[in-house]
Amino acid sequence: MSRFNGYNFKDQKVLVRVDFNVPLNDKYEITDDTRMTATIATIQKIINDGGRVILMSHFGRPKDGPAEKYSLKHLVKHLGSLLNKNILFADDSIGDKAKELSDSMKAGDVLLLENLRFHKEEEKGDEGFAKKLAILGDVYVNDAFGTAHRAHASTAVIAKFFPADKKMFGLLMEGEVESAEKVLHKSEKPFTAILGGAKVSDKILIIENLLQRADHIIIGGGMAYTFFKAMGGEIGNSLVEAERIDTAKELITKAEAKGVKIHLPKDSIIADKFDANANTKTADNKSIPPGWMGLDIGPEAISQFVDVILQSKTLLWNGPMGVFEMEKFQAGTKAVAEAIAEATQKGAFSLVGGGDSVAAVNQFGYNDKVSYVSTGGGAMLEYFEGKELPGIAAIKNS
Ligand code: AMP
């Protein structure tokens, strides 16, 4: 059983770090509550045990102390409807008022603290600030995977003020850590990583790290053209990072030395402009005509990638295969999502993460057909780059 589920929170004041950094429109209405719903099971379990829940989160990037736009009070009503209860709110995350409110809570009560980033000390990882937060609770639960790569006061430093048996991951964080570990450290072979998106520069470290672990690396999206350029291809007006051409060459050489197969798309859907209504045709990736640009992988590349995916037992996907936001250029991303779903149905373990690939699996309706959809963009990337995430280390290594 999970450590969190095995714990009885009865009569405990439980300080839970969540990631409630949801998007709001100009009327302060929540336009996507995924980050809130993702942590409801954790909150509900504490309530059901008869514990008291004290929620803390960052919200946006306030520059200079409190600001109406970044107040977590805008989330109180919606949180109340998700949990079907009245939510208490403290208009400062630390101080006498927050302490009084947390001390007066009854079993099953939920208190939301004001935006942690109204205090500069949060992002600085200030110990004094972490201590002022810590005195509000008896137990510390971290359920904010989205900020696990930050060594902030509430995500990492605070852990030192709780004994080992009084700090743990919440259910969301447990799920994220477990599936990421399964892919990186316990992967069943063949392990295939599918990387896409716009830039090679964002993915170099992840490719380097995966060269130690993966059997196949599929590269699609805008980043693929830098690799073709590196191999002497004509790529027309396709996206290219000139200063990464040497890096691309080096990665290809390293992969060969390690026996890792790098799969680059044979062809592309090319367009005469970056536009939803552009004229399009199919072209080999080594000879894209001048004035044309590759905006999606082509039909040959789709069958090439699908073959590899269907033979894999572990799959990691980060980044779209093309400009999937435009209908004319979404076939590649859709086909990859479908193949991952099919491989999963045949028993493979699949993890999808990173903002755009998550948006794609949601948009094409495959989110419940893959094994795990990660909520953490930057955190997930850093994990797969092989870095130790401060939010995970603070709990695991103590
Ligand atoms: P990233 O944030 O690096 O994962 O990149 C995601 C973005 O890359 C999406 O908005 C895609 O539209 C874009 N993208 C994917 N393929 C291409 C391409 N061939 N040319 C230009 N942009 C692309």
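Remarks on the overall build of the protein
Next, step 1: For the protein, the helix and strand inventory stands at 15 helices and 17 strands.
Next, step 2: Over its C-alpha trace the protein gives a radius of gyration of 23 Å, about what one expects of a compact globule, namely 21 Å for 398 residues.
Next, step 3: Taking the principal axes of the C-alpha coordinates as reference, the protein spans close to 70 × 45 × 35 Å.
Next, step 4: When burial is assessed residue by residue, the protein has 57% of its 398 residues classed as buried.
Next, step 5: Intrachain contacts of the protein at a sequence separation of at least 6 include 73% that bridge at least 24 residues.
Next, step 6: As displayed, the protein offers around 16,900 Å² of accessible surface, 48% of which is attributable to carbon and sulfur atoms.
Next, step 7: Taken together, the 49 basic and 54 acidic charged side chains of the protein have centroids lying 3 Å from each other.

Here we look at the sheet that holds strand E14 (residues 293-297)
Within a sheet, each strand pairs with its neighbour through backbone hydrogen bonds, oriented either parallel or antiparallel.
Next, step 1: Within the open sheet, the 3 strands sit side by side as E12-E11-E14. Their pairing is antiparallel. What marks the edges here is a single partner per strand, and that holds for strand E12 (280-284) and E14. Pairs of neighbouring strands in the sheet enclose a mean axial angle of 45°, with direction left out of account.
Next, step 2: Bridging between strand E11 (residues 267-271) and E12 involves 5 bridges; their strand directions are antiparallel. In the strand pairing of E12, isoleucine 270 is matched with lysine 281.

Description of the packing of helix H11 (residues 299-310) against helix H12 (residues 331-345)
Next, step 1: Running from amino to carboxyl end, H11 crosses H12 at an angle of 20°, the nearest separation of the two axes being 9 Å. Considered as vectors, H11 and H12 are oriented roughly parallel to each other. The hand of the H11/H12 crossing is right-handed. Note on element contacts: H12 touches H11 through Ala331, Gly332, Ala335, Val336, Ala339, Ile340, Glu342 and Ala343, opposite Ile302, Val306, Ile309 and Leu310.
Next, step 2: Classifying every residue of the contact of H11 with H12 gives 10 nonpolar, 1 polar and 1 charged.

With respect to the site of the ligand
Next, step 1: Around the ligand sit 16 residues, and of these Ala198, Gly222, Gly294, Glu325 and Asp356 come closest.
Next, step 2: In the environment of the ligand, a nitrogen atom lies 3.1 Å from a nitrogen or oxygen atom belonging to the backbone of glycine 222.
Next, step 3: Glutamate 325 has a polar side-chain atom sitting 2.5 Å from an oxygen atom of the ligand.
Next, step 4: Partitioned by chemical class, the residues of the shell around the ligand number 6 nonpolar, 5 polar and 5 charged.

Some points on the pairing of strand E5 (residues 139-142)
Next, step 1: The two faces of E5 match: Val139 and Val141 on one face and Tyr140 and Asn142 on the other face are all buried.
Next, step 2: Two strands pair when backbone bridges link them, and strand E1 (residues 13-17) and E5 are joined in this way by 4 bridges, in the parallel orientation. The residue bridging valine 14 from the neighbouring strand is valine 139, located in E5.
Next, step 3: The pairing of E5 with strand E6 (residues 167-169) spans 3 bridges and is parallel. Bridging across to E6, asparagine 142 finds its partner in phenylalanine 169.

Examining unusual backbone geometry
Next, step 1: Following lysine 189, the chain continues into proline 190 via a peptide bond in cis, with omega recorded as -5°.
Next, step 2: Along the chain, proline 190 turns up in the loop between helix H7 (171-184) and strand E7 (191-195).
Next, step 3: In this structure, aspartate 11 is a non-glycine residue whose phi angle is positive, near 65°.
Next, step 4: Residue position: aspartate 11 is located in the segment before E1.
Next, step 5: On the accessibility criterion, aspartate 11 (45% relative accessible area) is partly exposed.

Some thoughts on the environment of lysine 85
Next, step 1: Within the secondary structure, lysine 85 is located in the loop between helix H3 (76-83) and strand E3 (88-90).
Next, step 2: Placed 23 residues apart in sequence, lysine 85 and glycine 108 show a C-alpha to C-alpha distance of 9.4 Å.
Next, step 3: Setting aside chain neighbours within four positions, we find lysine 85 in contact with Ile47, Gly80, Gly108, Asp109 and Val110.

Structural notes on the domain arrangement of the protein
Where interface size is given, it is often the accessible area lost as the parts come together that is meant.
Next, step 1: When cut into domains, the protein gives domain 1 (13-169) and domain 2 (177-384).
Next, step 2: One C-alpha centre belongs to domain 1, the other to domain 2, and the line joining them spans 36 Å.
Next, step 3: Facing the 6 residues of domain 1 at the interface are 8 residues of domain 2.
Next, step 4: Contact between domain 1 and domain 2 buries roughly 600 Å² in total, counting both sides, with carbon and sulfur atoms accounting for 74%.
Next, step 5: Among the residues of domain 1 in contact with domain 2, Phe145, His149 and Phe169 are the three that bury the most area, contributing 77% of the side total.

Regarding the nonpolar core
Next, step 1: Ranked by internal contacts, the top residues of the largest apolar core, which has 76 residues, are Ile207, Leu210, Ile217 and Phe384.
Next, step 2: In this structure, this core is formed jointly by two domains, domain 1 (13-169) and domain 2 (177-384), each of which donates at least three residues.

Considering a positive patch on the surface
Next, step 1: A cluster of basic residues, Arg61, Lys63, Lys69 and Arg150, forms a positive patch on the protein surface.
Next, step 2: Among the structural elements, lysine 69 can be located in the loop between strand E2 (52-56) and H3.
Next, step 3: Overall, the relative accessible area of 51% leaves lysine 69 in the exposed class.

Describing the packing of aromatic side chains
Next, step 1: For the coordinates displayed, the defined rule picks out 4 aromatic pairs.
Next, step 2: Ring plane angle 25° and centroid distance 5.8 Å describe the contact between tyrosine 140 and phenylalanine 162, whose orientation is recorded as stacked. Pair noted here: tyrosine 140 is in strand E5 and phenylalanine 162 is in the loop between E5 and E6, with a separation of 22 residues, a long-range link.
Next, step 3: Each member of the aromatic cluster is reached from another via a ring pair, and the members are Phe4, Tyr7 and Phe9.
Next, step 4: The ring of tryptophan 292 is capped by lysine 281, whose NZ or CZ atom sits 4.5 Å from the centre of that ring.

Conventions we followed
Residues numbered from 1 in each chain as written. Predicted model: local features only at pLDDT ≥ 70, side-chain atom pairs only at ≥ 80, totals over all residues. Heavy atoms only, no water. Helix = DSSP H or I, 4+ residues; strand = E, 2+ residues; numbered from the N terminus. Rg over C-alpha atoms; globule rule 2.2 N^0.38 Å. Buried < 20%, exposed > 50% of the residue type's maximum accessible area, 1.4 Å probe, protein only. Contact = heavy atoms within 4.5 Å. Areas by Shrake-Rupley, 256 points an atom, 1.4 Å probe, with all protein chains shown as cover. Lys, Arg positive; Asp, Glu negative; His and termini not counted. Charge placed at Lys NZ, Arg CZ, Asp CG, Glu CD. Pairing = 2+ DSSP bridges. Axes fitted to C-alpha atoms, helices over the stretch in contact; angles between N-to-C directions. Parallel < 35°, antiparallel > 145°, perpendicular 65-115°, else oblique. Left-handed = near helix turned anticlockwise from the far one by under 90°. Nonpolar A, V, L, I, M, F, W, Y, C, P; charged D, E, K, R; others polar. Near = heavy atom within 4 Å. Polar contact = N/O pair within 3.5 Å; in protein donor to acceptor, adjacent residues only side chain to side chain. Domains from an automatic or database assignment. Buried area = accessible area lost by both parts, 1.4 Å probe. Core = buried A, V, L, I, M, F, W, Y, C linked by side-chain atoms within 4.5 Å. Patch = residues over 30% accessible without salt bridge, like charges linked within 9 Å, V, L, I, M, F, W, Y side chains within 5 Å. Salt bridge = Lys/Arg side-chain N within 4 Å of Asp/Glu carboxyl O. Phe/Tyr/Trp six-rings, centres within 6.5 Å; stacked < 30°, edge-to-face > 60°. Lys NZ or Arg CZ within 6 Å of the ring centre and 35° of its normal.

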